[in-house]
Structures are given as structure tokens and as C-alpha cells.
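Chain residues, written in single-letter form:
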Amino acid sequence: LETLRTRPGETGDFIATVLEYAHAHGISDVHLTPVESGFVLRVRQDGELRMHDAVIGDRKLQLQCVSRIKVLASLDPTRQHLPSDGAFRFSVGSE
């Protein structure tokens, strides 16, 4: 996955891009870790956790993405700074 560069307000597009990449490459788990410059993307592919390039964004995008993903995973988006374990399914195209 190439480094993703985003602009403020692109939360939905950013999440969709990551999920579409995961689907196209047979990735079972996606881990986004917020860091100062954006996110570190780790994916589980063929049972192995792999690190990808940092995903570039701003602090506002980080907060929006974390909240959106928590809502998708039926987690409480107001719980911050605590590890969360959630999951959700999504479909691509006509699947």
C-alpha cells in the first residue's frame, strides 16, 4: 500500500480506501495506530501482521477516523485513550 495522503474532510474516503485495499489483498485485520504525522497501518495477511507506510493526515482526521471506526464496530466513540477491541463486516461492490 502506498502512503495515503489525505485532506481534512475525507474521513469516509480514507476509510473506504483502506478497506478496499484490504479486500483486494486478502487482508483479514486492519490496525490503524494514530501517531503525530497520521497513522501507522498494520494489516494481517496470510496470518502475519505486516507494517505499511505511515498514512498521512492531520489530527482532526485521526479523531474523525477513530470515531467513525468505533461507530462501525459498535464501540463507544467517547471512550478515548483506552484500548478497544471491536470488529465489523463490510461489503464491496455487489457482494
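Please read these numbers as outputs of a predicted model, since none were measured by experiment.

Colleague: Got a minute to help me understand the overall build of the protein chain in this structure?
Modeller: For the protein chain, the count of helices and strands is 2 helices and 3 strands. Listed N to C, the secondary structure of the protein chain is α-β-β-β-α in terms of helices and strands. For the protein chain, the exposed area adds up to about 6,500 Å²; of that, 50% sits on carbon and sulfur atoms.

Colleague: What is the right way to look at the layout of surface pockets in this model?
Modeller: To find the voids left in a structure, one rolls a probe of water-molecule size over its atoms. What the largest pocket holds in volume is close to 1,300 Å³. Surrounding the largest pocket, 39 residues form its lining, Val-30, His-31, Leu-32, Ile-69 and Gly-86 being those nearest its centre. Counting residues per element, the ones that place at least two in the lining of the largest pocket are helix 1 (11-24), strand 1 (27-35), strand 2 (38-45) and helix 2 (59-72). A breakdown of the residues in the lining of the largest pocket according to their chemical character gives 21 nonpolar, 10 polar and 8 charged.

Colleague: Is there a simple way to think about the side chain of Lys-70 in this case?
Modeller: Mapped onto the elements of the fold, Lys-70 is located in helix 2. If we skip the residues at most four places from it in the chain, Lys-70 touches Leu-75, Asp-76, Pro-77, Arg-79, Gln-80 and Ser-84.

Colleague: I'm lost on the nonpolar core in this one. Help?
Modeller: One recurring pattern in soluble globular proteins: nonpolar side chains tend to sit buried together. If you look at the biggest cluster of nonpolar residues, it comprises 13 residues, and the most contacted ones within it are Phe-14, Ile-15, Ile-27, Phe-39, Leu-41, Val-55 and Cys-65. Looking at this core, the elements that each hand over two or more residues are helix 1, strand 2 and helix 2. The element best represented in this core is helix 1, accounting for 6 residues.

Colleague: I keep staring at the pattern of salt bridges and nothing clicks. Help me out?
Modeller: Counted by the stated rule, this structure contains 2 salt bridges. For the salt bridge of Arg-44 with Asp-29, the shortest nitrogen-to-oxygen distance reads 3.5 Å. Note that Arg-44 is positioned in strand 2 and Asp-29 in strand 1, a separation of 15 residues in sequence. Residue class for Arg-44 comes out partly exposed when judged on its relative accessible area of 28%. The class of Asp-29 is partly exposed, set by a relative accessible area of 30%.

Colleague: I'm lost on the side chain of Gln-45 in this one. Help?
Modeller: Here Gln-45 is to be found in strand 2. Taking relative accessible area as the criterion, Gln-45 reaches 14% and is therefore assigned buried. In terms of polar contacts, Gln-45 uses its side chain to reach the side chain of Arg-50, at 3.0 Å. Here Gln-45 is in contact with His-25, Gly-26, Ile-27 and Arg-50, once residues within four sequence places are set aside.

Colleague: How should I be thinking about the confidence of the model for the protein chain in this particular structure?
Modeller: On average, residues of the protein chain score 78 in pLDDT, and 85% of them are at 70 or above. For the protein chain, strand 3 (residues 48-56) is the element with the lowest average pLDDT, namely 77, and strand 2 is the one with the highest, namely 83.

Colleague: Please clarify how the environment of Val-35 should be interpreted in this entry.
Modeller: The residue Val-35 is located in strand 1 in this model. Along the primary structure Val-35 and Asp-58 are separated by 23 residues, whereas in three dimensions their C-alpha atoms are 9.8 Å apart. When sequence neighbours within four positions are dropped, the list of residues in contact with Val-35 reads Val-40 and Gln-62.

Scoring rules and cut-offs
- Residues numbered from 1 in each chain as written.
- Predicted model: local features only at pLDDT ≥ 70, side-chain atom pairs only at ≥ 80, totals over all residues.
- Heavy atoms only, no water.
- Helix = DSSP H or I, 4+ residues; strand = E, 2+ residues; numbered from the N terminus.
- Areas by Shrake-Rupley, 256 points an atom, 1.4 Å probe, with all protein chains shown as cover.
- 1 Å grid on protein atoms, 1.4 Å probe; cavity = no way out; pocket = protein on both sides within 12 Å on 5 of 7 lines; lining within 4 Å.
- Points joined across faces, edges and corners; volume = space filled by probe spheres on them.
- Nonpolar A, V, L, I, M, F, W, Y, C, P; charged D, E, K, R; others polar.
- Contact = heavy atoms within 4.5 Å.
- Core = buried A, V, L, I, M, F, W, Y, C linked by side-chain atoms within 4.5 Å.
- Buried < 20%, exposed > 50% of the residue type's maximum accessible area, 1.4 Å probe, protein only.
- Salt bridge = Lys/Arg side-chain N within 4 Å of Asp/Glu carboxyl O.
- Polar contact = N/O pair within 3.5 Å; in protein donor to acceptor, adjacent residues only side chain to side chain.
- pLDDT = per-residue confidence, 0-100.

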